[in-house]
Amino acid sequence: MVAGNWKMNGSLEMAGVLVRAVAQAEENNREILLCPPFPYLQTVRDLIGDSGLQLGAQNCAADASGAFTGEVSAAMLKDLGCSYVILGHSERRALYGETDEIVARKTRAALDAGLKVVLCVGETLEQRKSGVEEQVVAEQMKLVLDSLGTADWDELVVAYEPVWAIGTGETATPEQAQAMHAFIRNCMGETGSNVQILYGGSVKPDSAAGLFAQSDIDGGLIGGASLDAEQFLKICAA
Ligand code: PGA
């Protein structure tokens, strides 16, 4: 899978140009997921049509409905045609105070609404320098994994995104990424052996092939390079 996380970028016009280009491209023969900002979901859904591209959101509420001003529920996203939601992104953890508990609650809410979840995990540079990256990632996954029922495993995708590689131009080496992906796969045990594990963090056309060639890297979660059809499609081709 290749997933494009537009973050808080783009416009209606940009969405039209980008989605049309990706939908019509010959590279659109894999699992490609587009995650635009909330206000563009419906437009992107219509542009996707029957091209096979999948639609996802970048966040959802932990609660099902009610007096939560400014929040968007998982059921609303499902209603709009989303099949996925990205949860636990490091920007949400760092800038909006999302704890592992909140991420676990959101994951439950999303799965209950029939959405699949791209669960993001990853360590900071400081944590990697102190050699605790595996501990950090295991901790970030624990509450979510503990709460999964047997049927939920098919609905989960994990994205390993080292915080030091996000938007910095600095990518983890294929070996660093592979080592963490193997660790993540191991954390999920036998039940999680088929879960897709994506790498994210400054993936660009020239770094994608090396990363995706690793045995435990099943695709990518792409930020900056997903805003440009040419770059994004080159990554899909890789
Ligand atoms: P980036 O973002 O590709 O711009 O580093 C990846 C992400 O945060 O999902």
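These lines cover the structure that appears in this document, whether it is placed above or below. Because the structure is a prediction, the values reported are computed rather than measured.

**Details of the environment of Leu-80**
- Examined against the element boundaries, Leu-80 turns out to sit in the loop between α3 (74–79) and β4 (84–87).
- Residues Leu-80 and Arg-105, 25 residues apart in the sequence, show an inter-C-alpha distance of 21 Å.
- Those residues in contact with Leu-80, other than ones at most four positions away along the chain, are Leu-41, Gln-42, Arg-45 and Leu-55.

**Looking at the pattern of salt bridges**
- Per the counting criterion, the structure on display carries 14 salt bridges.
- Residues Arg-105 and Asp-63 are paired through a salt bridge, measuring 3.0 Å at the closest nitrogen-oxygen approach. With Arg-105 in helix α5 (residues 100–112) and Asp-63 in the loop between β3 (54–57) and α3, this residue pair connects regions lying 42 residues apart in the sequence.
- What makes Arg-105 partly exposed here is its relative accessible area of 43%.
- Under the relative-accessibility criterion, Asp-63 is labelled partly exposed at 27%.
- In this structure, Lys-234 engages Glu-230 in a salt bridge whose closest nitrogen and oxygen atoms are separated by 3.5 Å. With Lys-234 and Glu-230 both in helix α10 (residues 229–237) and four residues apart, this pair spans about one turn of that helix.
- It is possible to trace a salt-bridge network through shared partners that takes in Arg-92, Glu-98 and Lys-106.

**Brief notes about the nonpolar core**
- Counting 64 residues, the largest nonpolar core has Val-44, Val-85, Val-158, Ile-184 and Tyr-199 as the members making the most contacts within it.
- The greatest single-element share of this core, amounting to six residues, is contributed by helix α1 (residues 12–24).
- Core analysis: the second largest hydrophobic core is formed by twelve residues, Met-1, Tyr-84, Val-157 and Leu-221 among them.

**Concerning the packing of α5 against helix α7 (residues 133–147)**
- Orientation of α5 relative to α7, taken along the N-to-C sense of each, is 35 degrees, at an axis distance of 9 Å. In the crossing of α5 with α7, the sense of the turn from one axis to the other is right-handed. Here α5 contributes Asp-100, Glu-101, Val-103, Ala-104, Thr-107 and Arg-108 to the contact with α7, which in turn contributes Glu-139, Gln-140, Leu-143, Val-144 and Ser-147.
- Here the contact of α5 with α7 is composed, by residue class, of four nonpolar, three polar and four charged.

**Let's talk about the site of the ligand**
- Taken together, Asn-5, Lys-7, His-89, Glu-161, Ala-165, Ile-166, Gly-167, Gly-201, Ser-202, Leu-221, Gly-223 and Gly-224 make up all the residues around the ligand.
- Contacts to the ligand include His-89, whose side-chain N or O atom sits 2.6 Å from an oxygen atom.
- Measuring from an oxygen atom of the ligand, one finds a backbone N or O atom of Ser-202 at 2.7 Å.
- Protein burial of the ligand: of its 280 Å² of free accessible surface, 97% is covered by the chains.
- Of the residues that constitute the shell around the ligand, the class distribution is three nonpolar, seven polar and two charged.

**Quick word on the state of the cysteines**
- On inspection of all chains with the given rule, the structure shows zero disulfides.
- With no disulfide of its own, Cys-60 lies closest to Cys-82 among cysteine sulfurs, the gap being 9.9 Å.
- Counting only cysteine sulfurs, Cys-35 is the nearest neighbor of Cys-120, a cysteine outside any disulfide, at a range of 9.3 Å.
- According to the relative accessible area criterion, Cys-120 is buried, its value standing at 2%.

What counts, and at which threshold
- Throughout, a residue's number is its position along its own chain's written sequence, starting from 1.
- Given that the model is predicted, a residue must reach a pLDDT of at least 70 before its local features are reported, and side-chain atom pairs must reach 80 or more before they are shown or counted; all residues, however, enter totals for whole chains, interfaces and linings.
- Side-chain numbers here rest on the full set of heavy atoms in the structure, without hydrogens or water.
- Only DSSP runs of H or I reaching four residues or more are called helices, and only runs of E reaching two or more are called strands; each is numbered from the N terminus.
- Whether two residues are in contact is decided by their heavy atoms: any pair within 4.5 Å suffices.
- In the sections that follow, a salt bridge refers to a side-chain nitrogen of Lys or Arg positioned within 4 Å of a carboxyl oxygen of Asp or Glu.
- To sort residues, take the accessible area from a 1.4 Å probe on protein chains only and compare it with the maximum for the residue type: under 20% means buried, over 50% means exposed, and anything in between is partly exposed.
- Nonpolar cores are built from buried Ala, Val, Leu, Ile, Met, Phe, Trp, Tyr and Cys residues. Side-chain atoms within 4.5 Å join them into one set.
- Only the contacting stretch of a helix is used when fitting its axis, a line to C-alpha atoms as for every element, and angles between N-to-C directions run 0 to 180 degrees.
- Left-handed describes a crossing whose near helix is turned anticlockwise from the far helix by less than a right angle; the clockwise case is right-handed.
- Under the convention adopted here, Pro, Cys and the residues Ala, Val, Leu, Ile, Met, Phe, Trp and Tyr are nonpolar, Asp, Glu, Lys and Arg are charged, and Gly plus all remaining residues are polar.
- The near set for a molecule or strand comprises every residue that places at least one heavy atom within 4 Å of it.
- Distance and chemistry together define a polar contact, namely a pair of N or O atoms within 3.5 Å, with one atom able to donate a hydrogen and the other to accept it when in protein, and with adjacent residues in sequence counting only for side-chain atoms on both sides.
- For the accessible areas, the method is Shrake-Rupley and the probe is 1.4 Å, while residue cover comes only from the protein chains on display.
- When two cysteine sulfur atoms lie within 2.5 Å, the pair is treated as a disulfide.

Geometric descriptors of this kind do not, in isolation, establish any biological role.
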